[in-house]
2 protein chains.
Amino acid sequence: MAKSPADNGASAQQRRLQMADIARLAGVSTSTVSRALAGSKLVNEETRQRVMELARSLKYSINIGAQNLRLKQNRTVGVVVPFDTNTRQHLTDPFFLGMLGSLADALTEQGFDMLLSRVDAEELDAAAQPFDTGRVIGVILIGQWRHHDQLNQLAARHVPIVVWGAQLPQQLYCTVGGDNVSGGLLATRHLLERGRKRIAFLGDVNLPEVAQRYRGYCNALEEAGMAPDAQLCVPVSFLPEGGADGVRELARRGCDYDALFASSDLLAMTAINTLRAQGREVPRDVAVAGYDDIELSTYFHPPLTTVRQPIAAAGRALVAALLEQAEGRAVVSQQLPTELIVRASSV
Amino acid sequence: MAKSPADNGASAQQRRLQMADIARLAGVSTSTVSRALAGSKLVNEETRQRVMELARSLKYSINIGAQNLRLKQNRTVGVVVPFDTNTRQHLTDPFFLGMLGSLADALTEQGFDMLLSRVDAEELDAAAQPFDTGRVIGVILIGQWRHHDQLNQLAARHVPIVVWGAQLPQQLYCTVGGDNVSGGLLATRHLLERGRKRIAFLGDVNLPEVAQRYRGYCNALEEAGMAPDAQLCVPVSFLPEGGADGVRELARRGCDYDALFASSDLLAMTAINTLRAQGREVPRDVAVAGYDDIELSTYFHPPLTTVRQPIAAAGRALVAALLEQAEGRAVVSQQLPTELIVRASSV
DNA sequence: TTGAAAGCGCTAACAA
DNA sequence: TTGTTAGCGCTTTCAA
């Protein structure tokens, strides 16, 4: 029979060392080896030394799978990145990717491993699979999209799950997210303070987080005694082309605008390039603010004014919330503060 | 005793369903359930239906850990991203992140899960830990850095491992990488063809991949009957600041140059911004080429001429090589073709 | 201080 | 076609 790569059985490769081997070589029982390796004080100091030495020199490590089974424990967390069905959008937005790094750090800090998977956003049920099969103690989902209901179903099934996203009414699952309303407010207020009057908004307001940023945008306008103009709000996807599409759409609408608030830095960047292609200079003709404060924003030309999302804190908060939940404790959703970073694209 | 989050034992949360439960409810033995769920034909069609129906309605899934233990199989691959000790550089370069996405896709395609970890580049031994503990069948390492020797040691220990990076002499481990020499050659030749005479090189030639790109650069100069000028080669890290540092260093050296070849797109981008700050226009005063062809390169201003690394192919190749190796078969290292993408930054 | 034995949740001989 | 039994690699009672 052909051996599949998944099969570790006997082949040319020598058999994996196991506890029984160490026991035999040390002339003790596996119980003793187990205890020695676990640092139990029920074992003679001298034997303990000998066993540990043997294990180290033979590079023996305990089989975590077997250990987990016996101990009914598990130190792995699932991280799921949904992808858009149509675009099959690859793990592409730098912000999500930064979040991944931040989660990796936070999990490592807590001594947990990370099982990463990509799941069709339309089939979010699949996100629970690593949990259902006992591989992970719970799941962190990066990106809520518009699948509120599916997420509620998972929560109703008691799948420990924490979602990066916006807090929504009638939400059964736990979210951790930036304060999108105030983010939108800060950016828009800033643009208004710089004397801009007609501020376009780029983003898909069907997505909860974007909707909240838009709400902040409207609030800021209201503060200034202005009303939002539907002509100025352009729904675009989070894909990089979104920025270009949005600017072109505004042109098509024959819309007049002197500022632009994009719901991600990536969108802001591609928007700026399209503006440039239209012969409009940033910030002279159009002031631009983005969202996220990805690393490249500083290095872009012009450097991007943006709303910073607290990414390191986010990773830690997501992990903390998940671990709480896995312990069976109830956790409340949480909003992290956002901060306006002013750079040259708006001043 | 306080319950740790890793502990799934009895608490408020109801006990996890297991095969014995399904068996009892279906009035059959666990063997039968096992067979039914595995789709064995050793079980009566009608019982099979009943069992499957029951499992589905109760949302029962087989515990993979137990199954793996029993079957001595495993369908998880470790992906390790080394981080630089000093900078503790977070998963930051878009290229590596893209690679992660590509690996996730390739693994999913093959029905494998991905265990992601970050390890200190100085402690690459740690990369083997998920393998040593039996969690994964092998490890894919993104980024070779300068740790050739440690990698050789892992290979000598028969840890199935595949590294994204350059092929080196006396290499015991398997690498998959872009053809860096020809990448460097293509970019440099292109700049020369555009009439540039003094081409600066940005990158840390202590890193094998960068060294090869530099070799390609030298080869192209040689083709044109020119010799490399040490003044024009600036060692900079892969961190975003690297580009700025490099351009400033060239200024400090009082170096004259009319083109710049950066060993990553990120470096090229930050270099361009620094050039701009110095009042030098791209490509008029300095033509710039990058490396990687990250997504943003198209949207940068000016759009970046660059050497495209075949990232989707890379993911598939890395995974294929690892699976081969995990089966105990020997695999040869492999170079994937690179391609010059000409955009406005150089013409 | 140690070892024998049972069992974590599952699968596969083997027997019926 | 099904159930009984043993055992994957480990930990932990229990008895010595």
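Right above here is the structure, for reference.
Rules used in this analysis
- Residues numbered from 1 in each chain as written.
- Chains lettered and ligands numbered in written order.
- Predicted model: local features only at pLDDT ≥ 70, side-chain atom pairs only at ≥ 80, totals over all residues.
- Heavy atoms only, no water.
- Near = heavy atom within 4 Å.
- Polar contact = N/O pair within 3.5 Å; in protein donor to acceptor, adjacent residues only side chain to side chain.
- Helix = DSSP H or I, 4+ residues; strand = E, 2+ residues; numbered from the N terminus.
- Nonpolar A, V, L, I, M, F, W, Y, C, P; charged D, E, K, R; others polar.
- Expected span 1.5 Å × (residues − 1).
- Buried < 20%, exposed > 50% of the residue type's maximum accessible area, 1.4 Å probe, protein only.
- Right-handed = clockwise from strand over helix to strand, strands pointing away.
- Pairing = 2+ DSSP bridges.

Caption draft 1: Structural detail: the protein's contact with DNA strand C. Surveying the vicinity of DNA strand C reveals 24 residues, the closest of which are Thr32(A), Arg70(A), Met19(B), Tyr60(B) and Arg70(B). In this structure, a phosphate oxygen belonging to DNA strand C sits 2.6 Å away from a main-chain N or O atom of Met19(B). Asn63(B) places a main-chain nitrogen or oxygen 3.2 Å from a phosphate oxygen of DNA strand C. If you list the elements that add at least two residues to the surface near DNA strand C, you get helix 2 (30-38) and helix 4 (64-71) of chain A together with helix 2 (30-38) and helix 4 (64-71) of chain B.

Caption draft 2: Representation of the protein's contact with DNA strand D in the model. Around DNA strand D, the surrounding shell holds 24 residues, and the nearest of these are Tyr60(A), Arg70(A), Ser31(B), Arg35(B) and Arg70(B). Residue Ser31(A) places a side-chain N or O atom 3.1 Å away from a base oxygen belonging to DNA strand D. Separating a phosphate oxygen of DNA strand D from a side-chain N or O atom of Gln67(A) is a distance of 2.8 Å. Breaking the surface near DNA strand D down by element, the ones donating at least two residues are helix 2 and helix 4 of chain A together with helix 2 and helix 4 of chain B. Take the surface near DNA strand D: its biggest share by element is four residues, from helix 4 of chain A. When the residues that make up the surface near DNA strand D are grouped by side-chain class, the tally is nine nonpolar, 10 polar and five charged.

Caption draft 3: Up close: helix 8 (residues 180-193) of chain A. All names here are of chain A. Taking 1.5 Å of rise per residue, the 14 residues of helix 8 would be expected to cover 20 Å, and the 20 Å separating its terminal C-alpha atoms lies within 8% of that figure. Looking only at helix 8, the buried set comprises Asn 180, Gly 183, Gly 184, Leu 185, Ala 187, Thr 188, His 190, Leu 191 and Leu 192. With its phi angle positive at about 90 degrees, Gly 195 sits one or two positions after the end of helix 8.

Caption draft 4: Examining the pairing of strand 4 (residues 161-164) of chain A more closely. Residue and element names in this part refer to chain A. Judged by which residues are buried, strand 4 turns out to be covered on both faces: Ile 161 and Val 163 on one side and Val 162 and Trp 164 on the other are all buried. For the handedness criterion, the β-α-β arrangement of strand 3 (residues 139-142), helix 7 (residues 148-156) and strand 4 is classed as right-handed. Strand direction decides the pairing type here: strand 4 and strand 5 (residues 174-178), joined by three bridges, are parallel. Residue pairing for strand 5: Val 163 is matched across the bridge by Thr 175.

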